[in-house]
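Structural overview
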Amino acid sequence: MRLFIGLEPTAEFRQSLAELQAQLLRAGIQGRPLAPSNFHLTLAFIGQWPEDVTAFLPAVSRPFSITLSQPGIFQEAKVLYAGVQPSEELASLAEQVRRNLDHAGIPCDRQPFCPHITLIRKPLLPCASVLTSIPFSPVSMTVREVCLYSSVHERTGMVYTVIGRSGERG
Ligand code: 2AM
């Protein structure tokens, strides 16, 4: 299985992300838009691993908010993302996820945590200023749980599916 751990957008948050993605495309940005059903905020990327790791997902003991910020681009990874405002709670949740994996001997990508939600892969911009010209709303959602995702390469592209939740740990 190809696994990663992340946050699942609520229906409302997903809708706002889809609207932002549509605005970016309307502004002339080309590339491969993610299907809104695939939107997620990665906390830790595991990659190939033979077992379900739901048991190691930390519970969210105190729900907290995350809020969108300005869209941006990771040049190296070739992704255009919706920014997510950094916060103490979010950073410590990502750290807790990674620590739990370490303790369980499960390897994960140790790139510094930079909260974002990918909207378009391999973006091509009509001009450098296009991103700052997009009006975006600082929409929020409440984080109540952490999700285990599987990533499957299907004929139509990658499909990310929630296969475990922190609330479901036995
Ligand atoms: P991103 O959109 O949050 O950057 C599943 O592969 C997801 O895990 C990708 O969409 C990517 O999400 C994230 N990811 C983080 N590190 C990764 C890595 N080293 N290789 C592949 N995906 C990674």
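Note that the structure is a prediction, hence the values are computed from the model and not measured. (Residues numbered from 1 in each chain as written. Predicted model: local features only at pLDDT ≥ 70, side-chain atom pairs only at ≥ 80, totals over all residues.)

1. Notes on the site of the ligand
Heads up, the condition is: Any residue qualifies as near a molecule or strand once its backbone-derived C-beta atom lies within 6 Å of it. Three classes are used, and their members are as follows: Ala, Val, Leu, Ile, Met, Phe, Trp, Tyr, Cys and Pro are nonpolar, Asp, Glu, Lys and Arg are charged, and the others, Gly among them, are polar.
Inspection of the region around the ligand gives Phe4, Thr42, Phe45, Val79, Asp109, Thr118 and Ser151 as its neighbouring residues. Here the residues of the shell around the ligand sort into three nonpolar, three polar and one charged.

2. Details of the environment of Leu43
Condition: Secondary structure elements are taken from DSSP: a helix is a run of H or I of four residues or more, a strand is a run of E of two residues or more, and numbering for both begins at the N terminus.
Locating Leu43 in the fold gives a position in strand E3 (residues 41-48). Separated by 33 residues in sequence, Leu43 and Glu76 place their C-alpha atoms 19 Å apart.

3. Remarks on the sheet that holds strand E1 (residues 2-7)
This is how it is decided: DSSP calls a pair of strands paired once it identifies at least 2 bridges connecting them. Here the axes come from fitting lines to C-alpha atoms, over the contacting stretch only for helices, and the angles between their N-to-C directions go from 0 to 180 degrees. Any pair of residues counts as being in contact when their C-beta atoms, constructed from backbone geometry, are within 7 Å of one another.
A sheet is described by the order of its strands in space; here four strands give the open sequence E3-E1-E8-E9, paired in antiparallel fashion. In the strand order of this sheet, the two ends are held by E3 and strand E9 (157-165), each with one partner. Across the sheet, the axes of successive neighbouring strands diverge by a mean angle of 30°, strand direction being ignored. Here E1 runs beside strand E8 (residues 147-154); their pairing, made up of four bridges, is antiparallel. Looking at the pairing, Phe4 lines up with Tyr149 of E8. Docked against the sheet, helix H2 (residues 88-103) engages E1 and E3, running at close to 20° with respect to E3.

4. Structural notes on the pairing of strand E4 (residues 64-74)
Of the strand pairs in this sheet, E4 and strand E7 (residues 140-143) are connected by four bridges, and their pairing is antiparallel. Bridge pairing in E7 links Ser65 to Thr142. The sheet contact formed by E4 and strand E5 (residues 79-84) spans five bridges and is antiparallel. Of the residues in E5, the one forming a bridge with Phe74 is Val79. Where E4 hands over to E5, the hairpin turn is made up of four residues, of which Lys78 adopts a positive phi near 55°.

5. Side note on H2
Note the threshold: What a helix is expected to span follows from its residue count: subtract one and scale by 1.5 Å. A residue is called partly exposed when the number of other C-beta atoms within 10 Å of its own lies between 12 and 20, exposed at 12 or fewer, and buried at 20 or more, with C-beta atoms placed from the backbone. The arc under discussion is defined with respect to the helix axis, by the directions toward the C-beta atoms.
Its 16 residues give H2 an end-to-end C-alpha distance of 22 Å, which sits within 8% of 22 Å, the value for a rise of 1.5 Å per residue. Three or more residues of H2 are buried, namely Leu90, Leu93, Ala94, Val97 and Leu101. Down the axis of H2, the buried side of the element spans an arc of 95°, and every buried residue falls inside it. Summarising the geometry of H2, the exposed residues directed more than 90 degrees from the buried face are Glu88 and His103. Where H2 is buried, its residues meet E1, E3 and E4. Backbone geometry just after H2 places Gly105 at a positive phi near 75°.

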